[in-house]
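# An overview of the molecular structure
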Amino acid sequence: MALPAKKERFTFADCLTWEEDERIELINGEAFMMAPPSSRHQRIVMGLSGQLYAYLRGKSCEVFPAPFAVRLFEQDGDSPEDVGTMVEPDISVIRDKSKVDEHGCKGAPDLVIEVLSPSTARHDRFTKFNLYQQAGVREYWIVDPDIQAVQVHTLEDGRYHAAQLFNSTVKVGVLEDCVIDLKEVFPE
């Protein structure tokens, strides 16, 4: 699988023409191919999303594991040709169901979780950190499988402030009374 033919600027309209098994993100019109996740990565995603799904069952919020297109800066009235940034977080929690459409999420999710891997660590810690902050994602978790911990960034006054590191349980700030047991995420 190769990146689509070089263009000056890609948009979400281009994404809609690509094969479904191609994992490509757009950042400011530039296409970035994503490597397939490892089995360890997927176990962590399942451990987190399973707990979130169980908590949210019967509630108005939804959790979506990747692949799930998040158009962070799309606004009402934008067409797919207007959207130059589309990411696929490992996990997205969305409280406002009106943001969810047939293609994914329009606007910022309330919680985004990224699980680090060797090929994405720098991208998740810097590029996506800045995108999520700029878009107004209220809570951003960076999961580090190597140290079996979660770094939680909470948005205050438009900026992520000093992150907290958790390695046993994590309170989900955007969900009342939701606590994630990391022993279920990192069972080894």
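My aim in this report is to walk through the structure given alongside it, one point at a time. The residue numbering used here restarts from 1 in each chain and proceeds along that chain's sequence as written. Two thresholds apply to this predicted model, a pLDDT of at least 70 for residue-level local features and 80 or more for giving and counting side-chain atom pairs, whereas whole-chain, interface and lining totals are computed over all residues. Side-chain figures throughout are based on the complete set of non-hydrogen atoms in the structure, without hydrogens or water.

### Remarks on the overall build of the protein
Comment: elements are numbered from the N terminus, with helices defined as DSSP H or I runs of at least four residues and strands as E runs of at least two. When helices and strands are tallied, the protein shows three helices and 14 strands. In terms of overall size, the protein behaves like a compact globule, its C-alpha atoms giving a radius of gyration of 16 Å where 188 residues would be expected to give roughly 16 Å. Based on the C-alpha atoms only, the size of the protein along its principal axes is roughly 45 × 35 × 30 Å. Here the term buried applies to any residue with accessible area under 20% of the maximum for its type, exposed to any over 50%, and partly exposed to those in between, with areas from a 1.4 Å probe on protein chains only. Looking at the protein as a whole, 46% of its 188 residues qualify as buried. Any two residues having at least one pair of non-hydrogen atoms within 4.5 Å are treated as being in contact. Within the protein, contacts between residues at least 6 apart in sequence are counted, and of these 58% link residues at least 24 apart. The Shrake-Rupley method, run with a 1.4 Å probe sphere, supplies the accessible areas, and residue values consider only the shown protein chains as cover. As displayed, the protein offers around 10,100 Å² of accessible surface, 48% of which is attributable to carbon and sulfur atoms. Distance between charge centroids for the protein: 4 Å, based on 20 positive and 32 negative side chains. To get the radius of gyration, use the C-alpha atoms; to get the globule rule, take the number of residues to the power 0.38 and multiply by 2.2 Å. In this tally Asp and Glu are treated as negative and Lys and Arg as positive; neither His nor the chain ends contributes. Here the site of a charge means NZ on Lys, CZ on Arg, CG on Asp, or CD on Glu.

### Some points on the sheet that holds strand β7 (residues 104–106)
Across the sheet, which stays open at both edges, the three strands sit in the order β4-β7-β6 with mixed pairing between neighbours. One side of each edge strand has no neighbouring strand; the edge strands of this open sheet are β4 (69–71) and β6 (100–101). For two strands to pair, DSSP has to find at least two bridges joining them. Of the pairings in the sheet, the one linking β6 to β7 comprises two bridges and is antiparallel in character. When the bridges of β7 are listed, aspartate 101 appears paired with glycine 104.

### Regarding helix α3 (residues 121–135)
Since there are 3.6 residues in each turn of an α-helix, residues three or four apart along the chain are aligned in direction. With 15 residues, α3 ought to run about 21 Å at 1.5 Å a step, and its terminal C-alpha atoms sit 20 Å apart, in line with that. Along α3, the sharpest change in direction is near 35 degrees and occurs at lysine 128. Looking at α3, one finds that the buried residues are Asp124, Lys128, Phe129, Leu131, Tyr132 and Gln133. Lining the buried residues of α3 we find β1 (24–27), β8 (111–115), β9 (139–144), β10 (149–156) and β11 (159–160). Glycine 136 occupies a position one or two residues after α3 and carries a positive phi of about 95 degrees. By definition here, a helix of n residues has an expected span of 1.5 Å times n minus one. Axes are fitted to the seven residues ending at a residue and to the seven starting at it; the angle between these axes is taken as the bend at that residue.

### Let's talk about the pattern of salt bridges
The term salt bridge refers to a pairing of a side-chain nitrogen on Lys or Arg with a carboxyl oxygen on Asp or Glu at a separation within 4 Å. Per the stated rule, a full pass over the model turns up ten salt bridges. Aspartate 181 is paired through a salt bridge with lysine 183; the nearest N and O atoms lie 3.9 Å apart. Take aspartate 181: its relative accessible area is 25%, and that puts it in the partly exposed class. With a relative accessible area of 55%, lysine 183 lands in the exposed category. Here the residues in one salt-bridge network are Glu25, Glu114 and Lys128, joined through shared partners.

### Observations concerning the nonpolar core
The definition of a nonpolar core used throughout is a set of buried Ala, Val, Leu, Ile, Met, Phe, Trp, Tyr and Cys residues joined through side-chain atoms within 4.5 Å. Ranked by size, the top nonpolar core spans 26 residues in total, and within it Leu48, Leu52, Trp141, Val172, Leu175 and Ile180 carry the most contacts. Elements supplying a minimum of two residues to this core: α2 (39–56), β5 (91–94), β8, β9 and β10. A total of six residues in this core trace back to one element, the largest contributor, which is α2. The contacts of tryptophan 141, once residues within four sequence positions are left out, are Leu48, Leu111, Val112, Ile113, Glu114, Val150, Gln151, Val152, Val170, Lys171, Val172 and Ile180. The next biggest cluster of nonpolar side chains, apart from the first, holds 18 residues, and it includes Phe64, Phe68, Ile94 and Leu116.

### Regarding the packing of aromatic side chains
Two rings from Phe, Tyr or Trp (for Trp, the six-membered ring) form a pair when their centres are within 6.5 Å of each other. A pair whose planes differ by under 30 degrees is stacked, one over 60 is edge-to-face, and the rest are tilted. All chains considered together, the criterion is met by six aromatic pairs. Arranged with centres 4.8 Å apart and planes meeting at 70 degrees, the rings of tyrosine 132 and tyrosine 140 form a pair that is edge-to-face. The exposure classification of tyrosine 132 matches that of tyrosine 140, with both residues buried. Here, a charge over a ring means that NZ of Lys or CZ of Arg falls within 6 Å of the ring centre while also lying within 35 degrees of the ring normal. In this structure, lysine 59 is placed above the aromatic ring of tyrosine 55, and the distance from its NZ or CZ to the ring centre is 4.3 Å.

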